[in-house]
Amino acid sequence: MENDQAHGKLELNLAQRSQRRSHWSIAWSRFKRHRLAMVGLGMISVFTFLALFAPLIAPYGMDEQDLFKIAEGPSAENWLGTDELGRDVLSRLIYGGRISLAVGLGAALITTVVGVVVGTTAGYFGGWVDSILMRFIDLVLAFPAIFMLLILFSIVSASVWNVILFLGLFSWMWLARVVRGELLSLKEREFVEAARSIGASNVRIVSQHLLPNVVAAIIVSATLAMAFNMIAEATLSFLGFGVPPSVPTWGNMLTGASSFYLRAPLLAVMPGVVLVLAILAINFIGDGLRDAFDPQSR
Amino acid sequence: MGRFIARRLLGAIPLLVGITIISFMFMHLMPGGPDSLYARSGRMNQEQLDAIRQNMGLDQPVVIQYARWVGNLARGDLGNSYVQFRPVRDIILERLPNTMLLVGAGLIIAVTFSLIFGIVAAIYQYSFFDHLFSFVSFFGMAMPVFWFGLMLQLLFAVQLGWLPTSGMGSMDDGGIIERIRHLILPASVLGVGSIAFWSRYVRSSMLEVIRQDYMRTARAKGLREWSVFSRHALKNALIPFVTVIGIDIPLYFVGAVVTETIFSWPGMGRLFYDSLNARDYPVLMGLLIFSAVLIVIGNLIADIAYAYLDPRIKYS
């Protein structure tokens, strides 16, 4: 404990604080110059704003039905038409963003936490811990995630929380591999040996010396995980084994759409367009972040 | 090389054992267990149920059940479907050719377009086409496959009426032409996901090769541009691409679930979806094990092919 404190003081004296700060601001200024990334950031901000204030912005309620208007095209009252139960499509798209974005974000969070913990454990300790964890990852990857999720949700009833949890639990493996690979080489470097020689604990070495060096890779992977999980949620919900149909998401709004191709083709088009735009925005941000943290990667 | 292959094969064995254990555990987590379908029917009394349970070996300890199940699996016996009351193996094998046809067609489409886009983009780097392809592939990566399927269906089948919406056509009725007409949309949907990734891959590996010294040497010794391109550039650029395809092929069988569901293509993917709705767990387990084994084999072949094609790799 005392050792750790002394070590901490030493570290501050080494002016690491100011160093780290400038690292972040350099990355941010590079990110700002990445045009597509800024476009993506703008788009995601709009989506987030609409999702947060959905009840104030949406012209109708989430479940408000008008049985005299079943699957109708765009009109003055319903800008994007109505769905097969007479609900306003625009309103459901706005509410749907809440779930789709929350699921993507929540699942990405779980992906990141599990991936970092497993990857760090494997990479830092190495040896048999590493072998066992890596064989376990091989095993999990042998089962296609979409199959496992579909079977799981045919057994467990799917709520929004379930979907977030299981999506996260089935998509951390790549991140774990990335973190492990980085730690395996980082931990051999002199600065780690230096930290150890002045008595820093394992937790301290990992959290103060190793992980800050991997943070860029983690953030980039997390954005990609968010995009991936949003597509996965939409696919599950579309097939009828994701978020329950009463809750609008961009995926399950498409479930019945193919029955109304002739009457209301927009029903099949709009949720997909919104989804693609959101994913594009996230991918742009991910690209910008990668370039900002590591300009040589291009 | 022989030792390298042997070690890789040995390494796959614990993986396969793990796959069987997880699949078996999964099967026993199913609500009500394997006999629930009979128990739910209500027309059976306890005596009959007990007889069925005994028949299925469900009164034995779990370890013995597992051993028997693996023994059967090794002989290719995946149990019987709860719904169709026939061997799961027969049901899957019946659907396999249809899925193989779809996957094959999808692969041909994906490889062809990835090569064209990737090579053109690399040769004319930073040209209009290069930028266009990278823009399009951004969309390709952001697009959920099922929605692309819906859009193709809406545009080409419903609005334009050029191609059929679903099914795979009967060979007696329309012959091979009709089969191909049914194949175009689902195969494109299955292939499009990888075109975005693969064409970027071909592009960057072409760019890398084009800058190598041996390219200049080949030109310097007076080879014609075409043979420099095909024998020196393309051949070297495609080695890594082959292994990428190998790793991705199992994903085509996985992707078939979504594609076949949308287009009612009577293959293994559609079987998976239908079994899901019917809670036909033996069929689901059969398909799960099938795909897991396929993924392990795919990775194995890609590993070995990579080492074989590129002698610079150390077999360690």
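So, how was this worked out
Residues numbered from 1 in each chain as written. Chains lettered and ligands numbered in written order. Predicted model: local features only at pLDDT ≥ 70, side-chain atom pairs only at ≥ 80, totals over all residues. Heavy atoms only, no water. Helix = DSSP H or I, 4+ residues; strand = E, 2+ residues; numbered from the N terminus. Buried < 20%, exposed > 50% of the residue type's maximum accessible area, 1.4 Å probe, protein only. Contact = heavy atoms within 4.5 Å. Areas by Shrake-Rupley, 256 points an atom, 1.4 Å probe, with all protein chains shown as cover. Buried area = accessible area lost by both parts, 1.4 Å probe. Salt bridge = Lys/Arg side-chain N within 4 Å of Asp/Glu carboxyl O. Nonpolar A, V, L, I, M, F, W, Y, C, P; charged D, E, K, R; others polar. Phe/Tyr/Trp six-rings, centres within 6.5 Å; stacked < 30°, edge-to-face > 60°. Core = buried A, V, L, I, M, F, W, Y, C linked by side-chain atoms within 4.5 Å. 1 Å grid on protein atoms, 1.4 Å probe; cavity = no way out; pocket = protein on both sides within 12 Å on 5 of 7 lines; lining within 4 Å. Points joined across faces, edges and corners; volume = space filled by probe spheres on them. pLDDT = per-residue confidence, 0-100.

Colleague: I'd love a proper account of the overall build of chain B, names of residues and values included.
Modeller: A tally of regular secondary structure across chain B gives 12 helices and zero strands. Traced from its N-terminal end to its C-terminal end, chain B shows the element sequence α-α-α-α-α-α-α-α-α-α-α-α. Over its C-alpha atoms, taken along the principal directions, chain B stretches across nearly 85 × 55 × 35 Å. Scored against the burial criterion, the 316 residues of chain B give a buried share of 46%. The long-range fraction of contacts in chain B, counting pairs at least 24 apart against all pairs at least 6 apart in sequence, stands at 71%. For chain B, the accessible surface area stands at approximately 16,500 Å², while carbon and sulfur atoms represent 64% of it.

Colleague: Talk me through the overall build of chain A; I want residue IDs and the actual numbers.
Modeller: The number of helices and strands found in chain A is 12 helices and zero strands. Going residue by residue from the N terminus, the α and β elements of chain A occur as α-α-α-α-α-α-α-α-α-α-α-α. For chain A, with 298 residues in total, the buried portion stands at 51%. Restricting to contacts in chain A with at least 6 residues of sequence separation, those with at least 24 account for 71%. With an accessible surface of roughly 14,400 Å², chain A has 65% of that area assigned to carbon and sulfur atoms.

Colleague: Which residues make up the interface of chain A and chain B, and what are the values?
Modeller: Each partner contributes to the interface: chain A provides 38 residues, whereas chain B provides 42 residues. Interface area lost by chain A to chain B is led by Phe147(A), Ile151(A) and Tyr261(A), which between them contribute 19%. In this assembly, chain A and chain B are joined by zero salt bridges. Of all elements in the fold, only α6 (127-142), α7 (145-155), α11 (202-239) and α12 (266-293) of chain A reach the threshold of two or more residues within the side of chain A that touches chain B. Here the side of chain A that touches chain B gets 11 residues from one element, more than from any other, and that element is α12(A). When the residues that make up the side of chain A that touches chain B are grouped by side-chain class, the tally is 30 nonpolar, five polar and three charged.

Colleague: Explain the packing of aromatic side chains to me, and be specific about the residues and the numbers.
Modeller: All chains considered together, the criterion is met by 21 aromatic pairs over all chains. On the basis of an interplanar angle of 20° and a centroid distance of 4.3 Å, the ring pair of Phe147(A) and Phe272(B) is categorised as stacked. With Phe147(A) in helix α7 and Phe272(B) in helix α11 (residues 268-278), the pair connects residues from two separate chains. Phe272(B) shares its class with Phe147(A); the two are buried. Grouped by ring-pair contacts, the aromatic residues Phe113(B), Phe117(B), Phe128(B), Phe129(B) and Phe133(B) constitute a single cluster.

Colleague: Any details on the pattern of salt bridges? Residues and values, ideally.
Modeller: Residues and elements named next belong to chain A. In total, this model carries nine salt bridges over all chains according to the counting rule given. As a salt-bridge pair, aspartate 138 and arginine 135 come within 3.2 Å of each other at their nearest N and O atoms. One end of the pair, aspartate 138, and the other, arginine 135, are both in helix α6, three residues apart, so they sit about a helical turn from each other. A residue is classified by how much of its surface remains accessible, and arginine 135, at 48% relative accessible area, is partly exposed. When salt bridges that share partners are traced, they join Arg135, Asp138 and Arg177 into one network.

Colleague: Go over the nonpolar core, please, and point to the residues and values.
Modeller: Of all hydrophobic cores here, the largest spans 148 residues; its most connected members are Leu150(A), Met230(A), Phe146(B), Met206(B) and Phe272(B). It is α12(A) that provides the largest number of residues to this core, a total of 16 residues. When residues no more than four places from it in sequence are discounted, the contact partners of Phe272(B) are Phe147(A), Leu150(A), Ile151(A), Val257(B), Leu284(B) and Leu287(B). Core analysis: the second largest hydrophobic core is formed by 14 residues, Tyr124(A), Val179(A), Val192(A) and Ala200(A) among them.

Colleague: Got a sec to walk through empty space enclosed by the protein? Specific residues and values, please.
Modeller: All names here are of chain B. Under the definition given, this model contains two cavities of 30 Å³ or more. Roughly 50 Å³ of internal volume is contained in the largest cavity. Those elements that provide at least two residues to the lining of the largest cavity are α10 (225-263), α11 and α12 (281-309). Among the elements that make up the lining of the largest cavity, the one with the highest residue count is α12 (three residues). Reported here for the second largest cavity is a volume of approximately 40 Å³. Forming the boundary of the second largest cavity are Leu163, Pro164, Thr165, Ser166, Gly167, Arg181, His182, Leu185, Pro186 and Phe263. Of all the elements, helix α8 (residues 171-210) adds the most residues to the lining of the second largest cavity, at four residues. Taken together, the residues of the lining of the second largest cavity sort by class into five nonpolar, four polar and one charged.

Colleague: Explain unusual backbone geometry residue by residue, including any values.
Modeller: All names here are of chain B. Positive phi, close to 65°, is recorded for tyrosine 126, a residue that is not glycine. Located in the positive-phi region is arginine 279, a residue other than glycine, with phi close to 55°. By the secondary structure assignment, arginine 279 is in the loop between α11 and α12. For arginine 279, a relative accessible area of 28% puts it in the partly exposed group.

Colleague: Describe the side chain of Asn252(A), and please don't skip the residues or the numbers.
Modeller: The topology assignment puts Asn252(A) in the loop between α11 and α12. Once you skip the residues sitting within four places of it in the chain, Asn252(A) turns out to touch Ser237(A), Phe238(A), Val243(A), Pro244(A), Pro245(A) and Val247(A).

Colleague: Break down the confidence of the model for chain B for me, citing the residues and quoting the values.
Modeller: The predicted structure's coordinates, where accompanied by low pLDDT, should not be read in detail. Residues and elements named next belong to chain B. Averaged over all residues, the pLDDT of chain B is 81; the fraction at 70 or higher stands at 91%. Mean pLDDT across the elements of chain B ranges from a minimum in helix α2 (residues 36-40), with 61, to a maximum in helix α5 (residues 88-123), with 89. The complex model carries a pTM of 0.83, and its ipTM stands at 0.81.

Colleague: Give a detailed account of the side chain of Thr120(A), specifying residues and quantitative values.
Modeller: Residues and elements named next belong to chain A. Here threonine 120 shows up in helix α5 (residues 89-125). Threonine 120 gets classed as buried once you look at its relative accessible area, which sits at 9%. When near neighbours in sequence (up to four residues on either side) are disregarded, threonine 120 contacts Phe125, Val179, Leu183, Val206 and Leu211.

Colleague: Any chance you could break down α7(A) for me, citing the residues and the numbers?
Modeller: Side chains three or four residues apart in an α-helix point the same way, a direct result of the helix having 3.6 residues per turn. Most of α7(A) sits out of view: nine of its 11 residues are buried. Residues of α7(A) that are buried: Ile146(A), Phe147(A), Met148(A), Leu149(A), Leu150(A), Ile151(A), Leu152(A), Phe153(A) and Ser154(A). For α7(A), the secondary structure elements touched by its buried residues are α8 (160-169) and α11 of chain A together with α1 (2-29), α10, α11 and α12 of chain B.

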